[in-house]
Amino acid sequence: MSVLVTGGAGFIGSNLVEDLLNSGEEVVVLDNMHTGSLNNLAGLDGNLNVIEASCLEIPILDLNPIEIFHLGIPSSSPMYKKQPFLVGEAINGTIAVFELAKKSGARVVYASSSSLYNGLNPPHREDMKILVTDYYTEARLAVERIAELYNILFGLKSIGLRFFSAYGIREESKKMYANMVTQFLWKMKEGKTPVIYGDGTQTRDFIYVKDIVRALKMAMNSDYHGILNAGTGKSYSFNEVIELLNNQLQLEIKPTYVENPIKNYVYHTLSDTSKAESVLGFRSQCSLEEGIERLAEGYGFANP
Ligand SMILES: NC(=O)c1ccc[n+]([C@@H]2O[C@H](COP(=O)([O-])OP(=O)(O)OC[C@H]3O[C@@H](n4cnc5c(N)ncnc54)[C@H](O)[C@@H]3O)[C@@H](O)[C@H]2O)c1
C-alpha cells in the first residue's frame, strides 16, 4: 500500500518524500511540475514512483493509496493574482483528492496556509474569523471547506495544516516565490545586497522545513479532524534575519530598503501553537538560528 504525496516534487513535498522513503514507505509522487522539479527528488533512495500529472487528472489514474499528503496546490498568492483561474484548479484538485480518499479509504493531510490570517492581528489562532480579500485566500479557505464537507457528507477525517513561513533546502524551483530567508541567503552568498520592502521591521513566524515534515507525519498518525497551525510561536523581523545570516556566513552586508509596492501586504505573522500542541503534541524543535545554520550547511555554505 502506497503513500501518495501530491506536490511531492516541490519544496516541502520533496523533504517529506525523503523522510517517508527513509522510513521504508512506498511513495507515489503526483506533481504537474508547476513550481516543482524532478531535481528535488534526484538522489533519493527507496521505493518511489513519480507521476507527472495534475491532481485534476486523479480520476483517470490508477491509484490506491492508504495515506494522502495533499500539497499539490498552486503555492503562492501572486500566482493567483496573475491567473485567477488557479482558484478553480486548487478547488477541483482538492475534490479529486477527496474523491480518491473516499474510494481508497485513505486518510488525508493537506496544506493550508497562514495567509488565511491576512488582516488579522497576531497571535493567529485557528478559531479566528477569516477575512477573504484576495484570490489566494479564497482558494485556501475553499480547500478547508471541502475537507469539512467530505467529513459532513462521508465521515472522512482529515487535517489541514496552516503552514507559517517554511524555509529549508530545495526551494530553487520556486524562484522568486521561495521563502525570504532562503532568498536573502542566495543573494548574500553571491555578495549581493538583499532588497527589503519597507524598513525591515515586518515579522514572520519562520518554521524549518523538517519541523513541517514532523507536523505532517504527526497529523497523519492522529485521528483528529480539523485545522491546526504549523508554526513556531516566535517571530523575527527581516532585519533580524539579515543579521543572523551575516553572523552565519561571516559577512557584513547591509540590505537595501525600497518602498513597498505590494497592496494588502502582510506585516506580521505569529502562530498560536497551543492547539497543535494539545491535539498532536506538536512543537517545533528547530530555532531560526539553528535552521539558518542547517540551511547554510545544506547549500554547502558552512560557517568558514
Ligand atoms: N512554503 C511555505 O512557507 C508555505 C506556507 C503556507 C502554505 N504552503 C503550502 O504548502 C504546499 C507546498 O508548498 P511548497 O512551499 O512546497 O511550494 P512548492 O511550489 O514547492 O510546492 C507545490 C508543488 O505542487 C505542485 N503543484 C501545483 N499545482 C499542482 C496541481 N494542480 N497538481 C499537482 N501538483 C501541483 C507544484 O509543481 C509544486 O511541486 C503548497 O500547497 C503551499 O501553498 C507553503
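Everything in this summary refers to the structure shown in the same document. These numbers were taken from a predicted model, which means no experiment stands behind them. (Residues numbered from 1 in each chain as written. Predicted model: local features only at pLDDT ≥ 70, side-chain atom pairs only at ≥ 80, totals over all residues. Heavy atoms only, no water.)

**A look at the overall build of the protein**
When its secondary structure is counted, the protein shows nine helices and 13 strands. The C-alpha atoms of the protein give a radius of gyration of 19 Å, which matches the 19 Å a tight globule of 304 residues would have. Here the protein, with 304 residues, has 54% of them falling under the buried criterion. Put simply, of all contacts in the protein between residues at least 6 apart along the chain, 78% involve residues at least 24 apart. Here the protein has roughly 13700 Å² of accessible surface; of this, 50% comes from carbon and sulfur atoms. When the 27 positive and 35 negative side-chain charges of the protein are each reduced to one mean point, those points stand 4 Å apart. (Helix = DSSP H or I, 4+ residues; strand = E, 2+ residues; numbered from the N terminus. Rg over C-alpha atoms; globule rule 2.2 N^0.38 Å. Buried < 20%, exposed > 50% of the residue type's maximum accessible area, 1.4 Å probe, protein only. Contact = heavy atoms within 4.5 Å. Areas by Shrake-Rupley, 256 points an atom, 1.4 Å probe, with all protein chains shown as cover. Lys, Arg positive; Asp, Glu negative; His and termini not counted. Charge placed at Lys NZ, Arg CZ, Asp CG, Glu CD.)

**Concerning the site of the ligand**
Taken together, the neighbourhood of the ligand is formed by 30 residues, with Asp31, Thr35, Ser75, Arg140 and Lys174 sitting nearest. Between an oxygen atom of the ligand and a side-chain N or O atom of serine 75, the distance comes to 2.6 Å. At a separation of 2.8 Å, an oxygen atom of the ligand approaches a polar backbone atom of alanine 166. Elements represented by at least two residues in the shell around the ligand include exactly α1 (11–22), β5 (107–113), α4 (135–154) and β7 (165–167). With three residues, β5 is the single largest residue contributor to the shell around the ligand. Its residues assigned to classes, the shell around the ligand comprises 14 nonpolar, twelve polar and four charged. (Near = heavy atom within 4 Å. Polar contact = N/O pair within 3.5 Å; in protein donor to acceptor, adjacent residues only side chain to side chain. Nonpolar A, V, L, I, M, F, W, Y, C, P; charged D, E, K, R; others polar.)

**Remarks on the packing of aromatic side chains**
Counted according to the given criterion, the structure contains ten aromatic pairs. For the pair tyrosine 167 and tyrosine 208, a centre-to-centre distance of 5.5 Å together with 55° between the ring planes defines the contact as tilted. In this pair, tyrosine 167 sits in strand β7 while tyrosine 208 sits in strand β10 (residues 206–208), placing the two residues 41 residues apart along the sequence. When the ring of tryptophan 186 is compared with that of tyrosine 299, the centres are 6.2 Å apart and the planes differ by 80°; the resulting orientation is edge-to-face. (Phe/Tyr/Trp six-rings, centres within 6.5 Å; stacked < 30°, edge-to-face > 60°.)

**Looking at the packing of helix α5 (residues 180–189) against helix α9 (residues 288–298)**
Between α5 and α9, the shortest axis-to-axis distance is 11 Å and the interhelical angle comes to 50°. By the angle between their axes, α5 is oblique relative to α9. You can see that α5 and α9 cross each other, and the crossing is right-handed. In this structure, α5 uses Val181, Thr182 and Leu185 to contact α9, whose residues at the interface are Leu288, Ile292, Leu295 and Ala296. Among the residues making up the contact of α5 with α9, the classes are represented as six nonpolar, one polar and no charged. (Axes fitted to C-alpha atoms, helices over the stretch in contact; angles between N-to-C directions. Parallel < 35°, antiparallel > 145°, perpendicular 65-115°, else oblique. Left-handed = near helix turned anticlockwise from the far one by under 90°.)

**A short note on α1**
Three or four residues apart is the spacing at which side chains of an α-helix point the same way, because the helix has 3.6 residues per turn. Here α1 contains twelve residues, and its C-alpha end-to-end distance of 17 Å stays within 8% of the 16 Å for a straight helix at 1.5 Å per residue. Counting buried positions over the twelve residues of α1 gives nine, a clear majority of the element. Trailing α1 by a residue or two, glycine 24 shows a phi angle of about 85°, which is positive. (Expected span 1.5 Å × (residues − 1).)

**Things to note about unusual backbone geometry**
Omega for the peptide link from proline 122 to proline 123 comes to 0°, which places this bond in the cis form. For asparagine 264, which is not a glycine, the phi torsion comes out positive at approximately 55°. Considering the arrangement of structural elements, one finds asparagine 264 in the loop between β13 (256–258) and α8 (274–280).

**Quick notes on the pairing of strand β6 (residues 158–163)**
The element β6 is extensively covered by neighbouring structure, given that six of its six residues are classed as buried. By the alternation rule, side chains of β6 split into Ser158, Gly160 and Arg162 and Ile159, Leu161 and Phe163, which are all buried. Both β5 and β6 contribute to a ladder of six bridges, which runs parallel. Across the sheet, the residue bridging to tyrosine 110 is glycine 160, located in β6. For the segment spanning β5, α4 and β6, crossover handedness is right-handed. Across five bridges, β6 lies against strand β11 (residues 226–230) in parallel orientation. Bridge pairing in β11 links arginine 162 to asparagine 229. (Pairing = 2+ DSSP bridges. Right-handed = clockwise from strand over helix to strand, strands pointing away.)

**A closer look at the pattern of salt bridges**
Applying the stated criterion across every chain yields a total of twelve salt bridges. Residues arginine 125 and aspartate 272 are paired through a salt bridge, measuring 3.7 Å at the closest nitrogen-oxygen approach. Here arginine 125, found in the loop between β5 and α4, pairs with aspartate 272, found in the loop between β13 and α8; they are 147 residues apart in sequence, far enough to count as distant. Residue class for arginine 125 comes out partly exposed when judged on its relative accessible area of 38%. Put simply, lysine 157 and aspartate 223 hold a salt bridge, and the shortest N to O gap is 2.9 Å. Residue lysine 157 is found in the loop between α4 and β6, and its partner aspartate 223 is found in the loop between α6 (209–220) and β11; the two are separated by 66 residues along the sequence. Judged by relative accessible area, which is 56%, aspartate 223 ranks as exposed. (Salt bridge = Lys/Arg side-chain N within 4 Å of Asp/Glu carboxyl O.)

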